[in-house]
Amino acid sequence: MDGNGRWAKTKGLPRIAGHRVGAETLKTIVETCLDLELECLTVYAFSTENWKRPAKEIEALMELLVEYIDQELDELKQNGIKIKTIGNLSQLPLVAQLKVKKAEKETEQNQKLLLQIALNYGGRKEILDAVNRITQEVAAGRIAAGTINDSLFAQYLYTAGIPEPDLLIRTAGELRLSNFLLWQSAYTEFWFTDVFWPDFTAQHLYQAIYDYQYRQRRFGGLK
Ligand code: IPE
Ligand code: MG
């Protein structure tokens, strides 16, 4: 969900105003995904690198997260959306941790759309966490050394049990992965747009999916 700050700048507004409108975009896109009966939407809300930002902006982002859950939880529940976060929650402000946990708990049984929120998420950290857990298992004799394969490894990621993304959309003209779902996006189709996240609409999502449908996915094989 990139480009909130630049969007605000073009309007002569403070960066946080961009984040605020960005949160509205998220509401629209979640509804659209629900209408389209998509199985899973993962949004990159806060990365392990975003702590480098000024404290004031981080604080505002955390407040926005709490506000988003406060405002949306009832509707998310009613709509059958299951909320799950990926990332290290323990470094978040306590109030944000509690809100997120409440949202996860109260939507646990929902089965329509899985809304995965990457919060204090980093792909490398996720992989290292998996490696550390697996090596503990090896040391304890529960996994034999030399037997670790793709499917076992994936079970130790935050996304265990969740399908790999088919399509990844990056907004605001950036052409990089920025530590997002490194393992899982090995064969993901990418779609880039210069549109800033606050200006991203259902129409853009339709276009991305439309384009995706014309991609040939060979997964390294032949047509
Ligand atoms: C939102 O956009 C991404 C978040 C970390 C919430 P940015 O804040 O990265 O906006 P730009 O890239 O400065 O425009
Ligand atoms: Mg950015």
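Predicted, not measured: the structure shown is a model, and the values here were computed from it. (Residues numbered from 1 in each chain as written. Chains lettered and ligands numbered in written order. Predicted model: local features only at pLDDT ≥ 70, side-chain atom pairs only at ≥ 80, totals over all residues. Heavy atoms only, no water.)

Regarding the sheet that holds strand β1 (residues 40-47)
Reasoning step 1: If you trace the three strands from one edge of the open sheet to the other, you get β1-β3-β2, paired in parallel fashion. This sheet does not close on itself; its edge strands, each paired only once, are β1 and β2 (81-86). Looking at each pair of strands side by side, their axes are set apart by 20 degrees on average, direction ignored. (Pairing = 2+ DSSP bridges. Helix = DSSP H or I, 4+ residues; strand = E, 2+ residues; numbered from the N terminus. Axes fitted to C-alpha atoms, helices over the stretch in contact; angles between N-to-C directions.)

A word on the nonpolar core
Reasoning step 1: With 34 residues, the main nonpolar core has Val30, Leu41, Leu115 and Leu119 as its most contacted residues.
Reasoning step 2: For this core, the elements supplying multiple residues, two or more each, are α2 (15-35), β1, α3 (55-78), β2, α4 (94-106), β3 (113-121) and α7 (202-213).
Reasoning step 3: Considering every element that reaches this core, the biggest residue donor is α3, with nine residues. (Core = buried A, V, L, I, M, F, W, Y, C linked by side-chain atoms within 4.5 Å. Buried < 20%, exposed > 50% of the residue type's maximum accessible area, 1.4 Å probe, protein only.)

Let's talk about empty space enclosed by the protein
Reasoning step 1: Under the counting rule described, the total for this entry stands at two cavities of 30 Å³ or more.
Reasoning step 2: Quantified by volume, the largest cavity comes out at close to 70 Å³.
Reasoning step 3: Lining the largest cavity are Lys27, Val30, Glu31, Leu34, Tyr68, Glu72, Glu75, Leu76, Asn79 and Ile81.
Reasoning step 4: Counting residues per element, the ones that place at least two in the lining of the largest cavity are α2 and α3.
Reasoning step 5: Among the residues forming the lining of the largest cavity, the class breakdown is five nonpolar, one polar and four charged.
Reasoning step 6: For the second largest cavity, the calculated volume is near 30 Å³.
Reasoning step 7: In this structure, the second largest cavity is lined by Tyr68, Ile69, Ile83, Thr85, Val100, Ala103 and Ile117.
Reasoning step 8: At the level of secondary structure, the elements contributing two or more residues to the lining of the second largest cavity comprise α3, β2 and α4.
Reasoning step 9: A class-by-class count of the residues in the lining of the second largest cavity yields six nonpolar, one polar and no charged. (1 Å grid on protein atoms, 1.4 Å probe; cavity = no way out; pocket = protein on both sides within 12 Å on 5 of 7 lines; lining within 4 Å. Points joined across faces, edges and corners; volume = space filled by probe spheres on them. Nonpolar A, V, L, I, M, F, W, Y, C, P; charged D, E, K, R; others polar.)

Regarding the environment of His19
Reasoning step 1: Considering the arrangement of structural elements, one finds His19 in helix α2.
Reasoning step 2: Residue class for His19 comes out buried when judged on its relative accessible area of 7%.
Reasoning step 3: Residues His19 and Leu61, spaced 42 residues apart in sequence, show a C-alpha to C-alpha distance of 7.3 Å.
Reasoning step 4: When near neighbours in sequence (up to four residues on either side) are disregarded, His19 contacts Asn4, Arg53, Glu57, Leu61 and Leu64.
Reasoning step 5: A distance of 2.8 Å separates the side chain of His19 from the side chain of Glu57, its partner in a polar contact. (Contact = heavy atoms within 4.5 Å. Polar contact = N/O pair within 3.5 Å; in protein donor to acceptor, adjacent residues only side chain to side chain.)

With respect to the pattern of salt bridges
Reasoning step 1: For the structure on display, the rule yields 17 salt bridges.
Reasoning step 2: As a salt-bridge pair, Arg15 and Glu57 come within 2.8 Å of each other at their nearest N and O atoms. Residue Arg15 is found in helix α2, and its partner Glu57 is found in helix α3; the two are separated by 42 residues along the sequence.
Reasoning step 3: Here Arg15 falls in the partly exposed class, since its relative accessible area comes to 38%.
Reasoning step 4: Owing to a relative accessible area of 10%, Glu57 belongs among the buried residues under this scheme.
Reasoning step 5: In this structure, Arg53 and Glu57 form a salt bridge, with 2.8 Å as the shortest nitrogen-oxygen distance.
Reasoning step 6: Accessibility expressed as a relative area gives 30% for Arg53, which makes it partly exposed. (Salt bridge = Lys/Arg side-chain N within 4 Å of Asp/Glu carboxyl O.)

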